[in-house]
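# Summary of the model geometry
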Amino acid sequence: MKRGIPMAWHGLNRMVTAWLVLLIVTFASGSINAEPVSADTNSGPTLLVMGDSLSAAYGIERNEGWVNLLAERLEGDAHVINASISGETTSGGLQRFPNILGQQQPDIVLIELGGNDGLRGLPPNQMQANLATMIEQSQQAGAQVLLLGIDIPPNYGQAYRDAFTGVFYSLAEEYDVPLVPFLLEGIALNEALMQSDDIHPTADAQPIILDNVWPELAPLIEPLIERQLEATQQAAVQ
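Residues numbered from 1 in each chain as written. Predicted model: local features only at pLDDT ≥ 70, side-chain atom pairs only at ≥ 80, totals over all residues. Heavy atoms only, no water.

### Things to note about the pattern of salt bridges
The line we're drawing: Criterion for a salt bridge: a side-chain nitrogen of Lys or Arg within 4 Å of a carboxyl oxygen of Asp or Glu. Three labels apply to residues, based on accessible area from a 1.4 Å probe with only protein chains included: buried if under 20% of the type maximum, exposed if over 50%, partly exposed otherwise in between. The numbering of helices and of strands both runs from the N terminus, where a helix is a DSSP run of H or I of at least 4 residues and a strand a run of E of at least 2.
Going through the model one piece at a time under the given rule, you end up with 3 salt bridges. Here E88 and R96 are joined by a salt bridge, their closest N and O atoms 2.7 Å apart. One exposure class covers both E88 and R96, and it is buried. When the shortest N-O distance is used, the salt bridge between D151 and R161 registers 2.7 Å. You can see D151 sitting in the loop between strand 5 (144–148) and helix 7 (158–175) and its partner R161 sitting in helix 7, a full 10 residues away along the chain. With respect to burial, D151 and R161 carry one shared label: buried.

The following block contains the structure:
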């Protein structure tokens, strides 16, 4: 997979204190349990989203979040489970992951974690190890993985930013998984699409987030839906 550091934050000069709001968002803002966001269907693949506040619809109505919009786009052809928690780190996600993976048995896992690790200045190699374990556990369980990347502000220094964003590219190449390099591409520098904390996207930004994810997700989910449809049709004929 080609590597290129996202440039969406280039020249951005926001205060670090504003970004640290992400670290103040408590775990109480989201349930620790995986939450189904699509109507029950008799069959169809299961998608599991493991993320932080960017996927937990922080500051907006839950049904306005991009994960809910994803469920609507799939129109009942798949189950969508949102296990995202505001303030989550890769370490916290890894601790919860085995139980959720075993309970939900997803066909596809979307991992959107790492932003809070970066904002805390945690070692990128620690973040990489946590994400690598989650990818390995997913693949061992027979699930495909889509990695959703994020960037951090320039205030953290270019060396740390390069190491941080490099984690996502390195994992995508090592484990041969698709990558969305920057989840907030086309959003982060548009004040009209960001909440007043300059961190979290508005409701209007959520369809753009979904459009950023969809080109990498579609090749994973569409064959599964088609396969299920064929199986259903064959069963009906018999």
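### Concerning the pairing of strand 4 (residues 108–112)
Two faces belong to every sheet, and in a regular strand the side chains alternate between them. Selection rule: Paired strands, in this sense, are two strands between which DSSP finds at least two bridges.
Strand 4 sits mainly inside the fold: 5 of its 5 residues count as buried. By the alternation rule, side chains of strand 4 split into I108, L110 and E112 and V109 and I111, which are all buried. Relative to strand 4, strand 2 (residues 46–51) runs parallel, the two being bridged by 5 bridges. By the bridge assignment, V49 is partnered in strand 4 with L110.

### Points about the confidence of the model for the chain
Atomic detail in the predicted coordinates should be set aside for any region of low pLDDT. The condition that has to hold: pLDDT is a per-residue confidence score from the predictor, ranging from 0 to 100. In what follows, residue pairs with any heavy atoms lying within 4.5 Å of each other are defined as contacts.
Per-residue confidence for the chain gives a mean pLDDT of 87, with 83% of residues at or over 70. Residue range residues 4–8 is modelled with pLDDT below 50. Its contacts to residues more than four positions away, or to other chains, number 14 contacts. When the criterion is pLDDT under 50, residues 13–32 qualifies, and its contacts beyond four places in sequence or with other chains add up to 43 contacts.

### Regarding the side chain of T89
Formally: Contacts described as polar in this section are N or O atom pairs within 3.5 Å, which, within protein, must combine one atom able to donate a hydrogen with one able to accept it, while residues neighboring in sequence count only if both atoms come from side chains.
Following the sequence through the fold, T89 ends up in the loop between strand 3 (79–82) and helix 4 (90–104). Taking relative accessible area as the criterion, T89 reaches 9% and is therefore assigned buried. Within the structure, T89 has its side chain in polar contact with the backbone nitrogen of G92 (distance 3.1 Å). Leave out the neighbours within four places in its chain, and T89 touches L113, N116, D117 and R120.

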